[in-house]
Structures are given as structure tokens and as C-alpha cells.
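The chain contents come next:
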Amino acid sequence: MRKPLMAGNWKMYKTPAETHAFFEAFKPKVADATECDIVICPPFPDLHAALKETAGSNVSIGAQNLHWGREGAVTGEVSGHMLQAVGCEYVIIAHSERRQYFGETEVDVVRKTQAALEFGLKPIICVGERLEERESGRTEEVLAEMFDGGIGPLTPEQFAKIVIAYEPVWAIGTGKTATPAIAEAAHKFIRGRAAVKFGEEAAQAVRILYGGSVKPDNVQALMAEEDIDGALVGGASLDPNSFAAIVKF
Ligand code: PGA
């Protein structure tokens, strides 16, 4: 009942010319992929090229971040209102790199998620433990804190519109994928937390993506797990062949 979602997070890679070249190669490869939702999140300067290339296609476009305000004297920021105006459909919120390098917290998750929803964007909210937290047996404690602090304060109506991405920090860009069993355990925990807060039906409906070194050769095993509903893909989404292979797992 949960439609898989495959999202590419380009991070700080590609120019507009490279964006055009990517979609020229990628679109025909996934034109018949109707079983899952496909999203690419390029850097802000590439949004125009990406939206132009994907107009009328089965590929949606998202941003990697937003400010919680509508407009204002906030140098260097981009609002949900602006992302909506250019045609973005999704936005990633609190990726671990934003948490780690820019100090984003659960307070940001709540206000950014609320802003995204206000402007009609679908938030992909990232949670995940760091290596030392996993090694000291604190994974569930950390996930619970992130869920309760960043997602718990949403209304049931808001919760129904979000996507969650479980991304263990130790697996991002390291080539160390969580095993399907490790990922599934975390996804089950998050869904359980959602059931306590928002009820069983809402918890069963929310999509939880896995992220962290997803590649064409490990996506199938991850997707075979009951609570894994898609992937948030960094490195492997930069190449049209590898991301198409992931989409068509
Ligand atoms: P990776 O990145 O696939 O390159 O590990 C995932 C992410 O950061 O979303």
C-alpha cells in the first residue's frame, strides 16, 4: 500500500549544463518506471534546468533545504514560497550534513517542516545516529529523541504528508551500507514510534526511506525488507545509469 519512493540527493554537485546532460540520459531510462515515485534534489542553481528537463515527465524535483520564513532580510537563504513558485514538489529537511555542519536541530526540523507544508512542498525529514552513538548502544535513544523532537510536534494532518528518511551517519558516503537487517530494525523502531504518537493507521501509511551508500547492487535486498519504502541516494544518484538501475530495482 506504500508506493516506493526513490530520491536522489545531488548535494553540492553538478552545474546547470551537467544537469541537462543528466536528464537527457536519465529520462528515457525510467520513462516506463511507474511502480515508484522518482525525485531528484539538485542544488538551487540547477533547479531551473531540472524543472525544465522534467516538465511533463514521471520525475519530480525537490530542493535540499529551505528557510522557514516566507521572505525577509535573511541573506543567503531560500524560502518554501520561492521553491513552490519555481515548481519544486519536495524538499529535504535536516540531512545529517546540515545537522553536522550547520547545527540544525529538532527545532529547525519542526519549523522547516511546517513551512514546507504551508507552501505545498512534501518534506523528506532525515534522522539517523552517528557511529559513536550506535557503538555505545544508543541508536534507539537517538532515533526516539529525533522523532519526538522533530516529528512528534506535527499535527496528524501534517504527519500524513511527510516522508521520513533513516540515514545512519556512518553509512553516508562511506560505502558502508547498513545491512538490510540493521536498516529494517531502525525502520521498524521509527514506525513503532509513529504508531504511539499518531496511531497505527498513520504509521502504516508513512513512507520511510533508507539512505547511506545505496547502490544498484544492494538496493534490492534493502527494498525486500517490510518497512523500507524507498531510498535517499547520494553518490549513486549522480550517474544516470546507476540511479536508473536503483529506480528499476
Ligand atoms: P550516499 O549519500 O548515498 O552517497 O551515501 C546518502 C545521503 O547522504 O543522502
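In this text the structure is predicted, and so the values were computed from the model without any measurement. (Residues numbered from 1 in each chain as written. Predicted model: local features only at pLDDT ≥ 70, side-chain atom pairs only at ≥ 80, totals over all residues. Heavy atoms only, no water.)

Caption draft 1: Layout of the overall build of the protein chain. Counting its secondary structure elements, the protein chain contains twelve helices and eight strands. Over its C-alpha atoms the protein chain spans a radius of gyration of 17 Å, differing by no more than 12% from the 18 Å that the globule rule assigns to 249 residues. Its C-alpha atoms put the protein chain at 45 × 45 × 35 Å along the principal axes. Every one of the 249 residues in the protein chain was classed for burial, and the buried ones make up 54%. Counted over contacts in the protein chain with a minimum sequence separation of 6, partners at least 24 positions apart contribute 72%. (Helix = DSSP H or I, 4+ residues; strand = E, 2+ residues; numbered from the N terminus. Rg over C-alpha atoms; globule rule 2.2 N^0.38 Å. Buried < 20%, exposed > 50% of the residue type's maximum accessible area, 1.4 Å probe, protein only. Contact = heavy atoms within 4.5 Å.)

Caption draft 2: Region of interest: the site of the ligand. Lining the immediate environment of the ligand, one finds 13 residues, of which K11, H95, E167, G173 and S213 sit closest. Residue E167 places a side-chain N or O atom 2.7 Å away from an oxygen atom belonging to the ligand. Considering the ligand on its own, with 280 Å² of exposed area, one finds that the protein chains cover 97% of that surface. In terms of residue class, the shell around the ligand is made up of four nonpolar, seven polar and two charged. (Near = heavy atom within 4 Å. Polar contact = N/O pair within 3.5 Å; in protein donor to acceptor, adjacent residues only side chain to side chain. Areas by Shrake-Rupley, 256 points an atom, 1.4 Å probe, with all protein chains shown as cover. Nonpolar A, V, L, I, M, F, W, Y, C, P; charged D, E, K, R; others polar.)

Caption draft 3: Up close: the pattern of salt bridges. Taken as a whole, this structure holds 21 salt bridges when the rule is applied. Residue E226 is joined to K188 by a salt bridge in which the shortest nitrogen-to-oxygen separation is 3.8 Å. Of this pair, E226 sits in the loop between α11 (219-223) and β8 (230-233) while K188 sits in helix α9 (residues 180-198); the two residues are 38 residues apart in sequence, bridging distant segments of the chain. The class of E226 is exposed, set by a relative accessible area of 60%. Through salt bridges with shared partners, one network takes in R2, E184, K188, R191, E226, D227 and D229. (Salt bridge = Lys/Arg side-chain N within 4 Å of Asp/Glu carboxyl O.)

Caption draft 4: Up close: the sheet that holds β8. Strand order in the closed barrel formed by eight strands is β1-β2-β3-β4-β5-β6-β7-β8, with parallel pairing between adjacent strands. Here the strands of the sheet are splayed against their neighbours by 25° on average, with no regard to which way each runs. As judged from the five bridges shared by strand β1 (residues 5-9) and strand β2 (residues 37-41), these two strands associate in the parallel manner. From the neighbouring strand, M6 faces β2, where its bridge partner is I38. (Pairing = 2+ DSSP bridges. Axes fitted to C-alpha atoms, helices over the stretch in contact; angles between N-to-C directions.)

Caption draft 5: Structural detail: the pairing of strand β6 (residues 163-166). With burial as the criterion, each face of β6 is covered, one bearing V163 and A165 and the other bearing I164 and Y166. Strand direction decides the pairing type here: strand β5 (residues 122-127) and β6, joined by four bridges, are parallel. In the sheet register, I124 faces β6, and the bridge partner there is V163. One ladder, built from four bridges, connects β6 with strand β7 (residues 207-211); its direction is parallel. The partner of A165 across the bridge, within β7, is L209.

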